[in-house]
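Secondary and tertiary structure notes
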Amino acid sequence: MLNIENLRVDLDTDDAVIRAVDAMWLSIERGETFALVGESGCGKSMTALALMRLLPENGRVTNGRLLVGDEDILDLPETQMRSVRGGRIGMIFQEPSTSLNPVMRVGDQIVEAIEAHTALRGAAARSKAIDWLRRVGIPEPERRIDDYPFRMSGGQKQRVMIAMTLAAEPDYLIADEPTTALDVTIQAQILDLLKDLQREHRMGLLLITHDLAVVSGMAHRVALMYAGQIIEVAPADVFFAPKHPYADALMRALPGAGRRERALEAIAGTVPPLSTRFGGCRFEPRCAKAMAHCASTLPELLNVGAAHEVRCLLYAPGASEIPPLRGETAAPAEPAAAAATATADDGRPLLSVQDLKVGFAIRGGLLQRALGWFEAVRGVSFDVARGETLALVGESGCGKTTTGKAIVQLLRSVARVEGRALLDGQDLFTLQGAELLAARRQVQIIFQDPFASLNPRMRVQDLLEEGLAALQPDVDAGARRQRIEALVDQVGLRRDSLGRFPHEFSGGQRQRIAIARALAVQPRLIVCDEPTSALDVSVQAQILNLLRQLQRELGVSYLFITHNIGVVEYIADRVAVMQAGQIEEQGPSEQVLSRPTSAYTRTLLDAVPRL
Ligand code: SF4
């Protein structure tokens, strides 16, 4: 057994002590997969790092025991801990590129692990490393063992990382978001591989993820964390009918085909700062079922069924007689789909992309001359109607983002763009000067990462005003100010946000700022490039609701680039599936997603994990 007993982890910062993990109890048996799930910042990864004694410099375990068998690893000297780390508990991280040594051949990295933790040496260790590469599905392992990590794809690097970790034959494996950086088809292969290897070696697997669908196909037991604590733990088969109000709200915030007719039930508010000294339930300010005493009583984990525990006072004796404080959940917003499609078809597409080709120069030599062309997009055609959402889906590198950027005219100076992109009959690719400026106003873009896409040195007011001043110089300062105030109201931000800098906002709020910036110039088409993939499920629900509401109110069209099929099912009227720079299949969402005609679409959809 691997036991975590009453673990508390504190992080010291300049302003306060952050309690990243609190009152954590869990145990994992050999051969069991235990999933730890929750939104970002809830303490999952800190728990894993505490188990490996790899906490950041400002972090410390301030309470509890970490038992591997009978041994508390917190008592071990560092020299002994080195053999536990890797030897008894292995860990694979989210990002294989940063977990492998880039200047060491992959084989040497695996041999190093084998020699450190097993009795094998030299040629025997190398032959074992080849064997491991074969088992994790690396083709031609005898040759690839001498490759450096940069010669491998993301999926192959993650396989090497798994081989390196498992080659040390650990009793327990911690997999921290092992497939988050990978495409769905590679994700499915890696998850199958982990399952097989776990069965073969009877490893205890601690799977850390934010993706509930991944959990449903992998885990025996699941624990959900919120604000540093486990709030519900249950066998996987009952976890998906959760009892804790937060777990229940999280399930209802997930997008999907069955929810198209309504707005998603987003969870109001945000996670409280972990520097707070809590005197009651941490979810109380956001809980629709809160009772008067929830704010002043610390809930313990209560038994609600076989191996099923919930940290909620609703399940304490006598709670059924206490009335809720706020009544039921706020009514979900009005139906969105019907209104969204109401303006969808007046016969003429807003945007018509015809035979789009985008090539990037492959440069080399001393003078960096173009040696050839890499064709990222190879003859793509599609239409987007007014008020319609067309989802462009596909795996990374398929050309979907390049297509979006070409339409927004971001590739003019860096790539060879051919074909036509007709916006209301006017070809965007041939425009120059004032006409180009006017067209830029009509087509805007929202990027994936709200942290990277806003200038950190500009206040929100200036961020919103910048585009407006550049693309609509005729609007005077007073009118601009009024427009900007209306915009922050529209995207659900407070007006005092205008004087603040991006770092003062959460991820979801920053994405709202990015949406407001795109809307500032009253575009008719917005290219949304994975706008929710960096966000947690509860925040994603708020942003998807906002996008649909804006479409309903303003009639704007979206070219929605994403790899998340749940989001596509929820938001898209039509879908185009891309592979290797070409469109494999396109049509109405319901048809493409439930009755795909292309083999590639079928493979893609089959690989998507589902609840
Ligand atoms: Fe809601 Fe009270 Fe349960 Fe907390 S303890 S989740 S506030 S009902």
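Residues numbered from 1 in each chain as written. Predicted model: local features only at pLDDT ≥ 70, side-chain atom pairs only at ≥ 80, totals over all residues. Heavy atoms only, no water.

Digging into the side chain of Arg 19
- Tracing the sequence through the fold places Arg 19 in strand β2 (residues 17-28).
- For Arg 19, a relative accessible area of 18% corresponds to the buried category.
- Excluding residues that lie within four positions of it along the chain, Arg 19 makes contacts with Arg 8, Val 9, Asp 10, Leu 274 and Arg 277. (Helix = DSSP H or I, 4+ residues; strand = E, 2+ residues; numbered from the N terminus. Buried < 20%, exposed > 50% of the residue type's maximum accessible area, 1.4 Å probe, protein only. Contact = heavy atoms within 4.5 Å.)

Focus: the packing of aromatic side chains
- All chains considered together, the criterion is met by five aromatic pairs.
- Judged by centre distance (5.3 Å) and plane angle (65°), the ring pair of Tyr 246 and Phe 283 falls under edge-to-face. Of this pair, Tyr 246 sits in helix α11 (residues 245-252) while Phe 283 is found in the loop between α11 and β11 (302-305), placing the two residues 37 residues apart along the sequence.
- Taking relative accessible area as the criterion, Tyr 246 reaches 1% and is therefore assigned buried.
- Three or more aromatic residues joined by ring pairs make a cluster, and in this case those are Tyr 226, Tyr 246 and Phe 283.
- For Arg 135, the ring lying beneath its charged end belongs to Trp 132, and the centroid distance is 4.3 Å. (Phe/Tyr/Trp six-rings, centres within 6.5 Å; stacked < 30°, edge-to-face > 60°. Lys NZ or Arg CZ within 6 Å of the ring centre and 35° of its normal.)

Details of the sheet that holds β2
- The four strands are arranged β2-β1-β4-β5 in an open sheet whose pairing can be described as antiparallel. The open sheet has two free edges, formed respectively by β2 and β5 (71-72), since each of these has just one partner strand.
- Strand direction decides the pairing type here: strand β4 (residues 59-68) and β5, joined by two bridges, are antiparallel. The residue of β5 that forms the bridge with Leu 67 is Asp 72. (Pairing = 2+ DSSP bridges.)

Considering the pattern of salt bridges
- As enumerated under the stated definition, the model contains 34 salt bridges in all.
- The closest approach of N and O atoms between Arg 60 and Asp 12, which form a salt bridge, is 2.7 Å. Remark: Asp 12 occurs in strand β1 (residues 2-12) and Arg 60 occurs in strand β4; sequence separation between them is 48 residues.
- For Arg 60, a relative accessible area of 36% gives the class partly exposed.
- A salt bridge links Arg 348 to Asp 424; its shortest N-O distance comes to 3.5 Å. Of this pair, Arg 348 sits in the loop between α12 (337-342) and β13 (351-364) while Asp 424 sits in the loop between β16 (416-423) and β17 (426-427), placing them 76 residues apart in sequence. (Salt bridge = Lys/Arg side-chain N within 4 Å of Asp/Glu carboxyl O.)

Digging into the environment of Met 161
- In this structure, Met 161 sits in helix α7 (residues 154-167).
- Judged by relative accessible area, Met 161 falls into the buried class, the value being 4%.
- Separated by 65 residues in the primary sequence, Met 161 and Pro 96 place their C-alpha atoms 6.6 Å from one another.
- Not counting residues up to four positions away in its chain, the partners in contact with Met 161 are Met 91, Ile 92, Phe 93, Ser 99 and Leu 100.

Points about helix α1 (residues 44-51)
- When you tally the buried positions in α1, you get seven out of eight residues, the bulk of the element.
- Of all the positions in α1, only Lys 44, Met 46, Thr 47, Ala 48, Leu 49, Ala 50 and Leu 51 are classed as buried.
- Downstream of α1 by one or two residues, Arg 53 has phi in the positive range, about 55°.

Description of the domain arrangement of the chain
- Split into domains, the chain comes out as domain 1 (2-219) and domain 2 (351-362 + 372-606).
- On a C-alpha basis, the centroid separation for the pair domain 1 and domain 2 is 36 Å.
- Contact with domain 1, which involves five residues of that partner, is made by seven residues of domain 2.
- Each partner contributes to the roughly 630 Å² buried at the junction of domain 1 and domain 2, and carbon and sulfur atoms together form 39% of this total.
- Of all residues in domain 1, Glu 39, Asp 183 and Thr 185 bury the most surface against domain 2, accounting for 66% of the area lost on that side.
- Between domain 1 and domain 2 we count zero salt bridges in total.
- Our enumeration of links across domain 1 and domain 2 arrives at five residue pairs in polar contact (both at pLDDT 80 or more).
- Class assignment of the residues belonging to the side of domain 1 that touches domain 2 gives a composition of one nonpolar, two polar and two charged. (Domains from an automatic or database assignment. Buried area = accessible area lost by both parts, 1.4 Å probe. Polar contact = N/O pair within 3.5 Å; in protein donor to acceptor, adjacent residues only side chain to side chain. Nonpolar A, V, L, I, M, F, W, Y, C, P; charged D, E, K, R; others polar.)

Section: the sheet that holds β17
- One open sheet accounts for four strands, arranged β14-β13-β16-β17; its pairing is antiparallel. The outermost strands of the open sheet, each flanked by one partner alone, are β14 (369-384) and β17.
- Looking at chain direction, β13 and β16 are connected through seven bridges and run antiparallel. Bridge pairing in β16 links Lys 357 to Glu 418.
- Docked against the sheet, helix α13 (residues 400-407) engages β13, β14 and β16, running at close to 110° with respect to β13. (Axes fitted to C-alpha atoms, helices over the stretch in contact; angles between N-to-C directions.)

Some remarks on the confidence of the model for the chain
- Residues of the chain with pLDDT of at least 70 account for 97%, and the chain-wide mean is 88.
- Note on residues 333-344: pLDDT under 50 across the span, and 23 contacts to partners over four residues away in sequence or across chains. (pLDDT = per-residue confidence, 0-100.)

A word on the packing of helix α4 (residues 106-117) against helix α5 (residues 122-135)
- Two elements in contact, α4 and α5, have axes separated by 9 Å at closest approach and are oriented at 115°. Between α4 and α5 the crossing geometry is right-handed. For the pair α4 and α5, the contacting residues are Gly 107, Ile 110, Val 111, Ile 114 and Glu 115 in the first and Gly 122, Ala 125, Arg 126, Lys 128, Ala 129 and Leu 133 in the second.
- Of the residues in the contact of α4 with α5, the class split is six nonpolar, two polar and three charged. (Left-handed = near helix turned anticlockwise from the far one by under 90°.)

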